[in-house]
Amino acid sequence: MSRPPEHDDLPNPVRPAFTPDEAGGMVVNIGPSHPATHGTLQIIAALDGERVTRADVHCGYLHRGFEKECEDHTWNNLIPYVDRLNYCSGLINDFAYCDAVETLMGVEITRRCRVLRTLLAEYSRIADHMTCIAASLMEIGAMTGFLYLMTIRDYIYEHLADLTGARVTYTYGRIGGLARDLPEGWLTRLDEILVQYEDFIGRVHALMDRNRIFIDRTRDVGVLTTDEALNWGFTGPMLRSTGAPRDLRRDTPYLAYGDLDFEVPVGIKGDNYDRYYVRMREMDESVYMIRQLVEMLEPGPISVDDKRCTLPEKHLVYSEIESLINHFKLIMEGPQVPAGEVYRAHEAANGELGFYLVSTGGGRPYRMHVRGPSFIHMGGLHRLLEGYQLADIVATFGSVNMIGGECDR
Amino acid sequence: MIQDLVVHGVFIVYSVLVLMTCGLLLTWVERKQAAIMSDRIGANRAYLRLPFTQVKLVWWGLFHGLADGAKMLLKEDFRPDSHDRLAYALAPWVAFVPVLLVFAVVPFGGTLVPGELFGSAWFGDRSYQMQVARLDAGLLVVFAFGGLAVLGTLLAGWSSNNKFSLLGAVRAGSQLISYELVLALTVVGLLFIYGTVDLVDIVGQQSGILLGFLPAWGLFLQPLGALLFVVAAQAENQRIPFDLPEAESELVSGYFTEYSAMKMGLFMFAHFIEIAIVAAVFTTLFLGGYNLPYMGDDGFHFPGGFTVEMSHGLVVALQVLVFWLKVFIMCGFLILVRWSLPRFRYDQLLGFAWRFLLPLALANLVVTVVVVGLLDGVGA
């Protein structure tokens, strides 16, 4: 059924906010299928020559009803789903979600689990930042830098696959613990990768940091002030690049972050260069944190001994009726989460990743909301694009690190 | 008369074949060099299998170029609904042919005396300059044909009826005009020194020795000019950091977004051949062409009276080899630059040409003119 033509003048969210006539110049449509929009995003830009006069950002092309879907699954069934939010750092999503459910249930995770989660979250952050930096380097044509970073990212993915069995969608967190303990030799390989990381990152620093073309392309492009960033609700490296040292790991310590020594790098101008550099520095901080965490890692159980959420051991399921019933109840009905609501936010690679859960008691959430940082960043993205060149759209968009899975849900 | 036709026919076939091979080879060199630079293995999958055996000739992936060519020939030639038929069909050829034509005036070897080489009386004692067309205008022809290629780009961008193509074409137009100017100005200094635009003469004058130890190559006479020439040539070539017309992350594929199959292949191929052409022109102007230090038409004459006599055939072969060796080293350098740097922005690109390269080229020219004038005064 088509809309009657007399309603054409009403604002319509699926159409650009301006018509080609209003824009006055050429209007180009970038995305959702365009080599630069590596999330599924559409940018409609009005151009004056090559300068962008207006930009209209449309997201939602990867919408799959995640939050509604969650209401129809048990709490532990949701873990594979949250993996697919920010698919560059699935483990952080896992841990943030599990943390929210554990808070609601009043479960205290074991020390080894806490340290391991922190370690893996930082490890994922490195992979995520690498993806972002690599992509934004590729956007401005620096293919070799891109490939250097991708090399290390692939080592990390392979290494995480050793632990979790998957390269991207790990499903490794469990409510009250983790799926399994570290395999033998995992920490040795971790050390090797971190050494190689330093080598490769050094090369990227050498290729990029003082490169005149790179500086010209990124300095004073896509500038954002702290006030504006706070106004739009920006978090994570986007906000820190403007000079505001806001980091949930430091401000509201969760997991083992309270015991760690680390700095919160900030930028000075909030432009593309600062976003690049803040991410580079954060990766270094993450490596430092990982090294501290390896020292802190002590043997012990990785899951809490709590029948409400932790599955009994397999041999017990086969040998005693209590464990069999416990297993059956946990799988079929889900962990029984008491009624209440909770908001837990972790510092994900892109910013504040929050889970707002409402439970009415029982094995399924009543309502679930995700505060995905990418979605909120998309709200202010046009401010970063307008007034700059067409070529800056891709460079800026790359530095924002929009992840479709987390933005559109 | 017939002998002339035969010899020049051979030169033409040789040039076209070698250039095509170069283009094909450079696709492989580019991949392999990029792979080495970024710690990868690179193209190593395509192979030829000897018929009826299990012997696979991989040869470090050299056959990838062939596989690419076959793929492009077999692909569907998809055309947008609203393209301009004539211009759309013409554009790849307009972009491709001038690139080949540039090579016509580039001398790829010294003097060839077929009578001596083959020992046949039919050729008599005719001698030929190893070059497709001996034109007095030499260098001017290079620029004339080099400038033509942009027409293909503009045609492609306009006829595709696609905004990205059009933007790419507009970028290509302004970029090539700016850098063509710089390119020409960098060479003018050299022309003052050599006093001719004939490329054969220019190469001939580079066979000597400077100050007793340096080969008299343009590179040493005009170091700044050589540097500016490389920069401008990379821009003419539309390669990173100057690949704005086709900047794939911004403009999809720029002016050839709407081209597919072998039409797109022609654009790509023209680019790769252009790398070889740019390297060949650079070799001719700045690296002494086919000359090696101390090498003459009959062998090496080292200082101190030490000479190595060589037969005519050996000298010709050596000259041709030296020329292509220099061209390939230059290609390698251009590819090195392409894989090291990020890309300029459109306004920065033009600013770089007009505010940075052009004044430098002019300064270089002024200094050269003054020095040449003073030296001439001394000589007179």
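Residue positions within a chain follow its written sequence, with the count starting from 1. Here the convention is simple: chains get letters from A, ligands get numbers from 1, in the order in which they are written. Where totals are concerned, whole chains, interfaces and linings use all residues; where local detail is concerned, this predicted model gives features only for residues with pLDDT of at least 70, and gives and counts side-chain atom pairs only at 80 or more. Computation of side-chain values: all heavy atoms of the structure, hydrogens and water removed.

1. Remarks on the pattern of salt bridges
- Salt-bridge detection follows one rule: a side-chain nitrogen of Lys or Arg within 4 Å of a carboxyl oxygen of Asp or Glu. Summed over the entire model, instances satisfying the criterion amount to 37 salt bridges over all chains.
- Between Asp271(A) and Arg219(A) there is a salt bridge, with its nearest N and O atoms 2.9 Å apart. Taken together, the residues Asp271(A) in the loop between α11 (248-251) and α12 (272-296) and Arg219(A) in the loop between α8 (212-218) and α9 (226-231) connect sequence positions 52 residues apart.
- Exposure classes here rest on a 1.4 Å probe applied to the protein chains alone. A residue is buried below 20% of its type maximum, exposed above 50%, and partly exposed in between. Judged by its relative accessible area of 0%, Asp271(A) is buried.
- For the salt bridge of Arg345(B) with Asp347(B), the shortest nitrogen-to-oxygen distance reads 2.9 Å.
- Relative accessible area serves as the criterion here: at 10%, Arg345(B) is assigned to the buried category.
- Residue class for Asp347(B) comes out partly exposed when judged on its relative accessible area of 34%. Each helix is a run of DSSP H or I of at least 4 residues and each strand a run of E of at least 2, with the numbering of both proceeding from the N terminus.

2. Focus on helix α5 (residues 138-159) of chain B
- Take the number of residues in a helix, subtract one, and multiply by 1.5 Å to get its expected span. An ideal rise of 1.5 Å per residue puts 32 Å on 22 residues; α5(B) measures up with 33 Å between its terminal C-alpha atoms.
- On its buried face, α5(B) is in contact with α3 (85-102), α6 (163-194), α7 (199-205) and α11 (261-286) of chain B. Any two residues whose heavy atoms approach within 4.5 Å are treated as being in contact.

3. Description of the pairing of strand β7 (residues 351-359) of chain A
Residues and elements named next belong to chain A.
- Most of β7 sits out of view: eight of its nine residues are buried.
- Only when DSSP finds a minimum of two bridges between them are two strands counted as paired. Summarising the sheet, strand β6 (residues 340-348) and β7 pair through nine bridges and their orientation is antiparallel. Residue pairing in the sheet places Arg-344 in a bridge with Phe-355 of β7.
- In this antiparallel pair of consecutive strands, β6 and β7, the connection spans two residues.
- As defined by bridge partners, β7 adjoins strand β8 (residues 367-371) across five bridges and the pair is classed as antiparallel. Following the sheet pairing, Tyr-356 is matched in β8 by His-369.

4. Remarks on the nonpolar core
- The biggest cluster of nonpolar side chains holds 91 residues, and the ones touching the most others in it are Tyr97(A), Leu120(A), Trp186(A), Phe355(A), Leu357(A) and Met368(A).
- Examining the composition of this core, we find that 13 residues originate from one element, helix α5 (residues 111-139) of chain A, more than from any other.
- Excluding residues that lie within four positions of it along the chain, Met368(A) makes contacts with Phe66(A), Glu67(A), Cys70(A), Leu78(A), Val82(A), Tyr97(A), Phe355(A), Tyr356(A) and Leu357(A).
- For the purposes of this section, nonpolar cores are sets of buried Ala, Val, Leu, Ile, Met, Phe, Trp, Tyr and Cys residues that join through side-chain atoms within 4.5 Å. Of all hydrophobic cores here, the second largest spans 87 residues; its members include Phe269(B), Val281(B), Trp324(B) and Met330(B).

5. Regarding helix α6 (residues 143-164) of chain A
Residue and element names in this part refer to chain A.
- For α6, built from 22 residues, the straight-helix expectation of 32 Å at 1.5 Å per residue is met to within 8% by its first-to-last C-alpha distance of 30 Å.
- Where burial is concerned, most of α6 is hidden: 17 out of the 22 residues are buried.
- One or two steps after α6, the chain reaches Gly-165, where phi turns positive at roughly 90°.

6. Focus: unusual backbone geometry
Residues and elements named next belong to chain B.
- Residues other than glycine seldom take positive phi values, yet Asp-39 does so here, at roughly 60°.
- Looking at the secondary structure, you find Asp-39 in the loop between α1 (2-37) and β1 (48-49).
- If you check the backbone angles, Trp-60 has positive phi at about 55° while not being a glycine.
- Mapped onto the elements, Trp-60 comes out in the loop between β2 (56-57) and α2 (64-74).

7. Some points on the packing of α1(B) against α2(B)
Residues and elements named next belong to chain B.
- At a minimum axis separation of 8 Å, α1 and α2 run at an interaxial angle of 115°. The crossing of α1 and α2 is right-handed. Across the interface between the two elements, Leu-24, Thr-27 and Arg-31 of α1 pack against His-64, Gly-65, Leu-66 and Asp-68 of α2.
- Considering only residue class, the contact of α1 with α2 consists of two nonpolar, three polar and two charged. Only the contacting stretch of a helix is used when fitting its axis, a line to C-alpha atoms as for every element, and angles between N-to-C directions run 0 to 180 degrees. In this scheme the crossing of two helices becomes right-handed for a clockwise turn of the near helix relative to the far one and left-handed for an anticlockwise turn of less than a right angle. As a working rule, the residues Ala, Val, Leu, Ile, Met, Phe, Trp, Tyr, Cys and Pro are called nonpolar, Asp, Glu, Lys and Arg charged, and the rest polar, with Gly in that last group.

8. Section: the environment of Ala100(A)
Residues and elements named next belong to chain A.
- Position of Ala-100 relative to the elements: it lies in helix α4 (residues 90-105).
- Taking relative accessible area as the criterion, Ala-100 reaches 0% and is therefore assigned buried.
- Ala-100 has contacts with Val-342, Arg-344, Phe-355 and Leu-357, leaving out every residue within four places of it along the chain.

9. Brief notes about the interface of chain B and chain A
- Every contact between the two is made by 26 residues of chain B and, on the other side, 35 residues of chain A.
- Two parts lose some accessible area (1.4 Å probe) when they are put together, and adding that loss for both gives the buried area. In total, about 2600 Å² of surface goes out of reach between chain B and chain A, with carbon and sulfur atoms giving 61% of it.
- Joining chain B to chain A, the criterion identifies two salt bridges.
- With a shortest N-O distance of 3.0 Å, Arg203(A) and Asp39(B) are connected by a salt bridge.
- For the purposes of these results, a polar contact is taken to be a pair of N or O atoms within 3.5 Å, where, inside protein, one atom must be able to donate a hydrogen and its partner to accept one; residues adjacent in sequence count only when each atom of the pair is a side-chain atom. Seen at the junction of chain B and chain A, the total is ten residue pairs in polar contact (both at pLDDT 80 or more).
- The leading source of residues in the side of chain B that touches chain A is α6(B), at five residues.
- Looking at the side of chain B that touches chain A, its residues break down into 13 nonpolar, four polar and nine charged.

10. A short note on the packing of aromatic side chains
- In summary, the pairing rule links any two rings of Phe, Tyr or Trp, Trp by its six-membered ring, whose centres are within 6.5 Å, and it sorts them by plane angle into stacked for under 30 degrees, edge-to-face for over 60 and tilted for everything else. Counted under the stated rule, the structure contains 27 aromatic pairs over all chains.
- Geometrically, the ring pair formed by Tyr273(A) and Tyr276(A) is tilted, given 5.9 Å between the ring centres and 55° between the ring planes. One end of the pair, Tyr273(A), and the other, Tyr276(A), are both in helix α12, three residues apart, so they sit about a helical turn from each other. When sorted by exposure, Tyr273(A) lands in the same class as Tyr276(A), which is buried.
- Ring centres of Phe103(B) and Trp324(B) lie 5.8 Å apart, and the angle between their planes is 25°; this geometry places the pair in the stacked category. Of this pair, Phe103(B) sits in the loop between α3 and β3 (111-112) while Trp324(B) is found in helix α12 (residues 312-338), placing the two residues 221 residues apart along the sequence. Comparing Phe103(B) with Trp324(B) shows no difference in burial state: the two are buried.
- Aromatic rings pair up to connect Phe11(B), Tyr14(B), Phe103(B), Phe108(B), Phe323(B) and Trp324(B) into one cluster.

11. Section: the sheet that holds β6(A)
All names here are of chain A.
- Spatially, the three strands line up as an open sheet ordered β6-β7-β8, and their pairing is antiparallel. Each end of this open sheet is capped by a strand with a single partner; those strands are β6 and β8. Neighbour-to-neighbour, the strand axes of this sheet turn through a mean angle of 10°, independent of strand direction.
- Relative to the sheet, α4 contacts β6, β7 and β8, its axis offset from that of β6 by approximately 150°.

12. Observations regarding a nonpolar patch on the surface
All names here are of chain B.
- A patch is a set of surface residues, each over 30% in relative accessible area and not in a salt bridge, joined within 9 Å for like charges and within 5 Å for the nonpolar side chains Val, Leu, Ile, Met, Phe, Trp and Tyr. Surface accessibility in these figures is a Shrake-Rupley result with a 1.4 Å probe; residues are shielded only by whichever protein chains are displayed. Where nonpolar side chains cluster on the molecular surface, the patch consists of Met-1, Ile-2, Leu-5, Val-6, Val-10 and Trp-122 and spans about 650 Å² of accessible area.
- Mapped onto the secondary structure, Ile-2 falls in helix α1.
- Of the residues examined, Ile-2 reaches a relative accessible area of 56% and is grouped as exposed.

13. Quick notes on the sheet that holds strand β3 (residues 51-58) of chain A
Residues and elements named next belong to chain A.
- Sheet architecture is open: three strands sit in the order β1-β2-β3, paired in antiparallel fashion. A strand with exactly one partner marks an edge of an open sheet, and here the two such strands are β1 (26-30) and β3. Taken pair by pair, the neighbouring strands of this sheet meet at an average axis angle of 20°, ignoring direction.
- As paired elements, strand β2 (residues 42-48) and β3 share seven bridges and run antiparallel to each other. Directly across from Leu-47, in β3, lies its bridge partner Val-52.
- Helix-sheet contacts for helix α15 (residues 373-385) involve β2 and β3, and the interaxial angle to β3 is about 170°.

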